Amino acid sequence: MGNIKRQALVVGINRYSFLRDVRTGLLLNLEKPAGDAEAIAQLLEKPTGELAWSVRRLPEVSQNDKFKVGDAATVSQVDLENAIKELFQPEPQHVPDVALLFFAGHGLRRQQDGQPEGFLATSDANGKTKWGVSLIWLRKVLLSSPVKQQIVWLDCCHSGEVLNFLTPEELRDWLSGGDRLLIASCRSDREAYALGEHGVLTKVLLQGLDPMQYSSGEWITSRVLAEFIEKQLDNNLVLKRQIPLSRHFGEQILFWKGAKEPISKIGLIIGVLVVIIFIFLFFNPQEATSYTARILRLIACVLAAIAASLVLESLSLETEIPLKKWQIKFTGSLTISVAVFIAFYYGLPTLTDSQGYIRKEKIQVRHLTALNEYPTLSLVEPTIPEKLTQILGLENPPIIYTKNPIFESLENFKTETGNETLISEYDYEKYAQIGYSSNINDRTTKGGYAKGRQHRESVFSQSRDNFESTTAPKNGEKQKFGYAPIKLPLQQSKENSKWTTILINNLSNKSIVQFPELAALKDFGLLEEDRLDLISLNDSWIRKIIENNPHIRGFIAYLYPYIENLADNFIHCGVGVPLALVQRVLPEPYVRFIDIVNISNSSINIDSINYKIIENNPYKLTVINNRNTLFENIPIASESMGITIPPKQHLFIPIEFGFDTKVYSKINFSQLIDFKNIIGQTVYVARVPDKKMREKIKLYNSTHSLEPILMGKEIMQILTEPIKIDRDWVSTSIEEIVKLIPHRFSVGSVMNVTSLVIDGKTYDTTSPLNEPKFSLSVYFAYGSCPYLLVYNSHNRDWTELGTVLYGRHDKSLQAYETYNLGEHISKIKLEEREPEITYIDSLSVLYTDPITKTMREAIPPISKLEKNDGEYFILHQDESIEINFKDIIPKNALDIRLKINGYYEVLLDNDLRTNAESM
């Protein structure tokens, strides 16, 4: 490497004789810069030999025969300029190979002839007639310097000005010059701060240059230092506010080598930690394939390998074993890691198997929650339907225990809602599929069944919380299924205040959202006669629910669209004026049951069942927020069963039937409108159609063209009623309302099976958790449409948000939809994964401008997506489109949402073949 000469000038100015605070008049003296400069000086002086630095301090004082940076001394502009010239422009015979300038103190900035200029403030600066050393002057000194490698570190306010090159020619000179590293503590328009003993940048420099931070023999270079500072931005809030800047020109500049050596004591400590993890899992059994067990097992294996490597490094076994040191470390680490894996996988007790079963002597037991209409209705079919049996992986349809009150509530629900023949008569060829998703031990399985279509299934890792938050569809009623065909006019009484809010999802789509008492449905509700897709409009079941739970809220929500002027329009697609605009949002039905399977080789007889039960009438709703606490003071009851279970046969015992309210957190209206702008105004709110209103709408439709029509003032007067927005009955947010709503409502009785008596012996079944280990979501699906994925620029990963255009499986169902994308989203992707064709007519991004706080709409520059004109962007199976937000919305945009208009078509086998040939 040769005899490299290294010289440094470290400057730390605490004393300022003329700079004063404009508010207090006090001198703006500092406390940290001198200490910062001294710390940098001492760090540079540590290396010896060819890596040694010659350090000059400014201001310099002598103390105990040693020089240090003076904390009470001053530095004039002339002194600092001369010192900088001596460093970077010395006599030819004294030119160093490397020169470094460090400055800590005040930084100043002014506008001169419309051009900003930065300064390193000296002690004689006053911020009026004298400013200190110009950063433009400093750049000129560096450009004309004969020093091959130049380093400048500035820990002061506005120091980023050193990188604001004035002309393209100046930048070209920098790029074509020697090797340079320039680091400024903040942008030109920001201030720099101190934190603890040092300035924030100085502290990071000391950390980044510490040899003990790097392995022995690893070079610390100018690029390594710049990368270290960049990484600290994520961990240091003050540094993130300052936004330090670094620029590297030319080749790397070497500082010194790392000095961190492996220490065997650390290896022993890590080994003890592995033992602690083993003991923890021994006394806290986990499922062998659970997320917790897998992560801890992986951590233990990695830690064991590291511990072995550190210990073997210090033992010097290469003198006794005919192997090189790296071979000994690799072999030993691998052996220990494999041994730990075996010990953790086979040597620990597990709670349940991979399917969520707890194994007993003759039986296996698990608890399941099955969400959506399919499992709820199929459980009360004479024989459980084939699809659910296949999804659960059963060899034969299970035996269903029907002699309990939970099954009675299920039976009432099936028959009294008009859905008793839905499953048996469901046409899998005409309609798309049965879709399902299940989560066992943090692994989700998704798939679907339909005649004439290939069965597709995917398996991926997913946490229980994430699965539970994404399984519920947008509404508890879908095509061919319904249970609450009652619409309710908007209630304006004050007692509805905290259950009512106003929300929007774009500038022209506004709604009042209300969660009424069920008693209001009894007094004012109207039977909905316009749902042609329902298998029945039977309302006897919901009437009994209303009668038995008059003061319950949260079981049904209504969205009332409104306009502010009769000349405005409701968002509407299709032919003619709709009969009903008010939307009903309902929770999703679910059933919980205990699954018992005979694992013996002979039939077993279940003599009796022991259980705890909360007895209610079949139509009583019970709030289920914490299931475990419901049964604390309930005595155990017993009942004879007399059921014989053949080998490999399953027995399902329903223990809870009810409705899950996660759907309310998915309402597509998320922006709370500013009440100040609407309180006291009269708006026009969509009405629930009575018989007279229906006749008017039908007459209007019959007298107008069959083409899509623009709703005029005449029809708006029929569809709406004027309502004055009163703060007394609109006062809360949707988030606060959702917090008030129970997680689940059970219907009728709720029970826990505590044990079973089988062939004279009692078997404990354990109580189910609030969220059981196995959850299942099965639903009537009409194709899955495109999947929506978002890229989080902070986490740097893709997240799947579910599907878009759900249920729009025909061109006649084409419409606008809006989806919340979350925060820090920089890209989206739409993927068509199913045997379908997706037609996207238009697509845009809605967001709130961070400066004006107004909502804006941005349209990606993609052909056929710019407007709703019947020219479609088409996605076939396994195709996708990715849209980058970088050039269309601000980086810090708020409330980002996707607005999309389109539909999709489900393909049969012959359609798939035709499509494949044409591509």
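Being a predicted model, the structure only gives us computed values, none of them experimental.

Now for the overall build of the protein. Scanning the protein from N- to C-terminus turns up 22 helices and 48 strands. When each of the 919 residues of the protein is scored for burial, the buried share is 52%. Partitioning the contacts of the protein with sequence separation of at least 6, the portion at a separation of at least 24 is 79%. Of the accessible surface of the protein, which amounts to about 42,800 Å², a share of 51% is contributed by carbon and sulfur atoms.

Now for the sheet that holds strand E29 (residues 604-614). On the basis of which strands lie adjacent, the open sheet formed by four strands has the order E31-E29-E37-E38 and antiparallel pairing. Two strands close off the open sheet at either side, each with one partner strand: strand E31 (637-645) and strand E38 (761-764). Neighbour-to-neighbour, the strand axes of the sheet open up by a mean angle of 35°, direction not taken into account. Relative to strand E37 (residues 750-758), E29 is paired through eight bridges, and the arrangement is antiparallel. Residue pairing in the sheet places Asn610 in a bridge with Ser755 of E37.

So, on to the pairing of strand E40 (residues 787-792). Counting buried residues in E40 gives six out of six residues, a clear majority hidden from the surface. Burial of the side chains of E40 extends over both faces: Tyr787, Leu789 and Tyr791 are buried on one face and Leu788, Val790 and Asn792 on the other. Pairing analysis gives six bridges linking E40 to strand E43 (residues 825-832), with the strands arranged antiparallel. Within the sheet, the bridge partner assigned to Val790 lies in E43 and is Ile828.

Another aspect to go through is the environment of Leu58. Looking at the element boundaries, Leu58 is found in strand E2 (residues 54-58). Take Leu58: its relative accessible area is 11%, and that puts it in the buried class. Contacts of Leu58, omitting those with residues within four sequence positions, involve Leu9, Val10, Val11, Gly12, Val69, Val75, Asp79, Leu80 and Ala83.

Now for the sheet that holds strand E6 (residues 107-112). A sheet is described by the order of its strands in space; here three strands give the open sequence E6-E7-E8, paired in antiparallel fashion. Across the chains shown, the open sheet's two edge strands, defined by having one partner strand only, are E6 and strand E8 (133-134). Across six bridges, the pairing between E6 and strand E7 (residues 115-120) is antiparallel. In the sheet register, Arg109 faces E7, and the bridge partner there is Gly118.

This part covers the pattern of salt bridges. For the coordinates displayed, the defined rule picks out 27 salt bridges. Residue Asp21 pairs with Arg23 through a salt bridge whose shortest N-O separation is 3.8 Å. For Arg23, a relative accessible area of 74% puts it in the exposed group. Residues Glu528 and Arg584 are paired through a salt bridge, measuring 2.9 Å at the closest nitrogen-oxygen approach. Highlighted residues: Glu528 in the loop between strand E25 (526-527) and helix H17 (540-548) and Arg584 in strand E27 (residues 583-585), separated in sequence by 56 residues. On the accessibility criterion, Glu528 (7% relative accessible area) is buried. Connected via shared salt-bridge partners are Glu38, Glu45 and Arg57.

This paragraph deals with the packing of helix H5 (residues 200-208) against helix H6 (residues 222-232). One can describe the packing of H5 onto H6 by two numbers: an axis separation of 10 Å at closest approach and a directional angle of 125°. In terms of orientation, H5 and H6 fall into the oblique class. You can see that H5 and H6 cross each other, and the crossing is right-handed. Here Leu201, Val204, Leu205, Gln207 and Gly208 of H5 come into contact with H6, specifically with Leu225, Phe228, Ile229 and Gln232.

We now examine the nonpolar core. Formed by 92 residues in total, the largest nonpolar core has its most connected members in Trp541, Phe555 and Ile653. The greatest single-element share of this core, amounting to six residues, is contributed by strand E32 (residues 650-660). Discounting chain neighbours no more than four positions away, the residues touching Phe555 are Tyr483, Leu518, Trp541, Ile542, Ile545, Leu586, Pro587, Leu621, Phe659, Tyr664 and Phe745.

We now examine helix H2 (residues 77-88). Along its 12 residues, H2 runs 17 Å from first to last C-alpha, staying within 8% of the 16 Å computed at 1.5 Å per residue. Every buried residue belonging to H2 is among Gln77, Leu80, Ala83, Ile84, Leu87 and Phe88, and all of these are buried. Looking straight down H2, one finds that the buried residues subtend no more than 135° of arc, so they occupy a single side.

Of all residues in the protein, 85% have pLDDT values of 70 or greater, and the mean over the chain is 82. Scored below 50 in pLDDT, residues 571-575 shows 11 contacts in the model against residues more than four places distant or in partner chains. In this model, residues 908-919 is a region of pLDDT below 50 whose contacts with residues beyond four sequence positions or in other chains number 12 contacts.

It is worth spelling out the environment of Asn441 at this point. Secondary-structure assignment places Asn441 in the loop between strand E19 (433-440) and strand E20 (443-449). Between the C-alpha atoms of Asn441 and Ala293, which are 148 residues apart in sequence, the distance is 9.8 Å.

A word on the side chain of Ser222. Here Ser222 shows up in helix H6. Since its relative accessible area comes to 0%, Ser222 is described here as buried. Those residues in contact with Ser222, other than ones at most four positions away along the chain, are Leu181, His248, Glu251, Gln252, Ile253 and Phe255.

Before going further, it helps to spend a moment on unusual backbone geometry. Cis geometry marks the peptide bond from Leu58 to Pro59, where omega comes out at -5°. In this fold, Pro59 is placed in the loop between E2 and strand E3 (60-63). Of note in the backbone geometry, Asn64 takes a positive phi value of approximately 55° without being a glycine. Inspection of the secondary structure assignment puts Asn64 in the loop between E3 and strand E4 (66-69). The class of Asn64 is exposed, set by a relative accessible area of 70%. The backbone phi angle of Asp759 is positive, close to 50°, even though this residue is not glycine. Relative to the assigned elements, Asp759 resides in the loop between E37 and E38.

The full count for this structure, using the stated rule, is zero disulfides. Unpaired in terms of disulfides, Cys157 finds its nearest cysteine sulfur in Cys186, a separation of 5.8 Å. Given a relative accessible area of 17%, Cys157 falls into the buried group.

On to the packing of helix H13 (residues 405-416) against H17. Between H13 and H17, the shortest axis-to-axis distance is 7 Å and the interhelical angle comes to 130°. Classed by the angle they form, the pair H13 and H17 counts as oblique. Note on element contacts: H17 touches H13 through Ser540, Trp541 and Lys544, opposite Asn412, Phe413 and Glu416. Considering only residue class, the contact of H13 with H17 consists of two nonpolar, two polar and two charged.

What counts as what
Residues numbered from 1 in each chain as written. Predicted model: local features only at pLDDT ≥ 70, side-chain atom pairs only at ≥ 80, totals over all residues. Heavy atoms only, no water. Helix = DSSP H or I, 4+ residues; strand = E, 2+ residues; numbered from the N terminus. Buried < 20%, exposed > 50% of the residue type's maximum accessible area, 1.4 Å probe, protein only. Contact = heavy atoms within 4.5 Å. Areas by Shrake-Rupley, 256 points an atom, 1.4 Å probe, with all protein chains shown as cover. Pairing = 2+ DSSP bridges. Axes fitted to C-alpha atoms, helices over the stretch in contact; angles between N-to-C directions. Salt bridge = Lys/Arg side-chain N within 4 Å of Asp/Glu carboxyl O. Parallel < 35°, antiparallel > 145°, perpendicular 65-115°, else oblique. Left-handed = near helix turned anticlockwise from the far one by under 90°. Core = buried A, V, L, I, M, F, W, Y, C linked by side-chain atoms within 4.5 Å. Expected span 1.5 Å × (residues − 1). Arc of directions from axis to C-beta. pLDDT = per-residue confidence, 0-100. Disulfide = S-S within 2.5 Å. Nonpolar A, V, L, I, M, F, W, Y, C, P; charged D, E, K, R; others polar.

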